[in-house]
Amino acid sequence: MSDRPYVLLSCAMSADGYIDDATPERLRLSSTADFDRVDAVRAGCDAILVGAGTVRADDPGLLIRSEARRAKRVARGLPAHLTKVTLTWSGDLDPGARFFTTGDAPKLVYAPPPAAGELAPRLDGLAEVVDAGDPLSLPRVLGDLAARGVRRLMVEGGGGVHTLFLTADLVDELQLVVAPFFLGDPSAPRFVRSGVFPQSPERPMRLAEVTRIGDLALLRYLTGNARG
């Protein structure tokens, strides 16, 4: 068993790098065909991770939509759905969120000790709350996931979580879908925030695949960490 899972970061963004606009409604950046592709990628993973901000803003279910893909997972002795994982610093999570109320696979919440202690009774019976260190430590989170048998982890946002994983050099593969339009709104959320990233002109990622999905472009990059 590796000391951490293979980490695949997946994101759709506008041509100028935004993952949403500034309106209350969720901006559709992808297409039906790409949603199905993402569903297939999910089905090949063991766990899926989003930040608490994404849980609050988007209320995602993070389920595998295809009945056939769920059946194949069950036939392989796996749960029909992925283990759901979220990170929170504040503990601001609604027990009624779809993250907790949908799917029969485990739900894991990683938080620093003060937030973890407050969350545990509120999420009792809905999720396991895990002490992630103070400050919250990504290597500790990934080590715990590996110990639970998670070999392949899909990370789906938001921008703060993308930045956290990328600046920590803990991403093996990046799947970026680029939509054919611009947003140009500095108040809207971007794919990543400011940070010091290990990838640079001197240490670039490797472009492993380019796929056209209608008018969308899927760019699949491997970092220097890629192990599979």
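All values derive from a computational prediction rather than experimental measurement.

A.B. asks: Would you mind going over helix α3 (residues 67–75) with me for this structure?
C.D. replies: Given 3.6 residues per helical turn, the α-helix brings residues three or four places apart onto the same face. Put simply, Ser-66 is the residue that caps the front of α3, since its side-chain oxygen is 3.3 Å from the backbone nitrogen of Ala-68. Gly-77 occupies a position one or two residues after α3 and carries a positive phi of about 85°.

A.B. asks: Help me understand the layout of surface pockets, please; the structure alone is not making it clear to me.
C.D. replies: Empty space among the atoms becomes apparent when a probe as large as a water molecule is rolled across them. The computed volume of the second largest pocket comes to approximately 170 Å³. Taken together, Asp-46, Arg-73, Leu-78, Pro-79, His-81, Thr-83, Pro-106, Leu-108, Leu-145, Arg-148, Gly-149 and Val-150 make up the full set of residues lining the second largest pocket. Grouping the amino acids of the lining of the second largest pocket by side-chain chemistry returns six nonpolar, three polar and three charged.

A.B. asks: Is there a simple way to explain the nonpolar core in this structure?
C.D. replies: In globular proteins that are soluble, nonpolar side chains generally tend to be buried together. Counting residues in each nonpolar core, the largest one holds 32 residues, and the members touching the most others are Tyr-110, Leu-145, Leu-153, Phe-165 and Phe-191. If you look at the next biggest cluster of nonpolar residues, it comprises 27 residues, including Ala-97, Phe-100, Ala-116 and Met-154.

A.B. asks: Looking at this structure, I do not really get the pattern of salt bridges. What am I missing?
C.D. replies: Between side chains of opposite charge, a pair can form when the charged atoms approach closely. If you walk through the whole model with that rule in mind, you get 16 salt bridges. Asp-58 is the salt-bridge partner of Arg-26, the closest N and O atoms lying 3.7 Å from each other. With Arg-26 in the loop between β1 (6–13) and α1 (32–43) and Asp-58 in helix α2 (residues 52–58), the pair connects residues that are 32 residues apart, well separated along the chain. Since its relative accessible area comes to 30%, Asp-58 is described here as partly exposed. A salt bridge links Asp-169 to Arg-203; its shortest N-O distance comes to 3.1 Å. Of this pair, Asp-169 sits in the loop between α7 (159–167) and β7 (173–178) while Arg-203 sits in the loop between β7 and β8 (206–213), and the two are 34 residues apart along the sequence.

Parameters at a glance
Residues numbered from 1 in each chain as written. Predicted model: local features only at pLDDT ≥ 70, side-chain atom pairs only at ≥ 80, totals over all residues. Heavy atoms only, no water. Polar contact = N/O pair within 3.5 Å; in protein donor to acceptor, adjacent residues only side chain to side chain. Helix = DSSP H or I, 4+ residues; strand = E, 2+ residues; numbered from the N terminus. 1 Å grid on protein atoms, 1.4 Å probe; cavity = no way out; pocket = protein on both sides within 12 Å on 5 of 7 lines; lining within 4 Å. Points joined across faces, edges and corners; volume = space filled by probe spheres on them. Nonpolar A, V, L, I, M, F, W, Y, C, P; charged D, E, K, R; others polar. Core = buried A, V, L, I, M, F, W, Y, C linked by side-chain atoms within 4.5 Å. Buried < 20%, exposed > 50% of the residue type's maximum accessible area, 1.4 Å probe, protein only. Salt bridge = Lys/Arg side-chain N within 4 Å of Asp/Glu carboxyl O.

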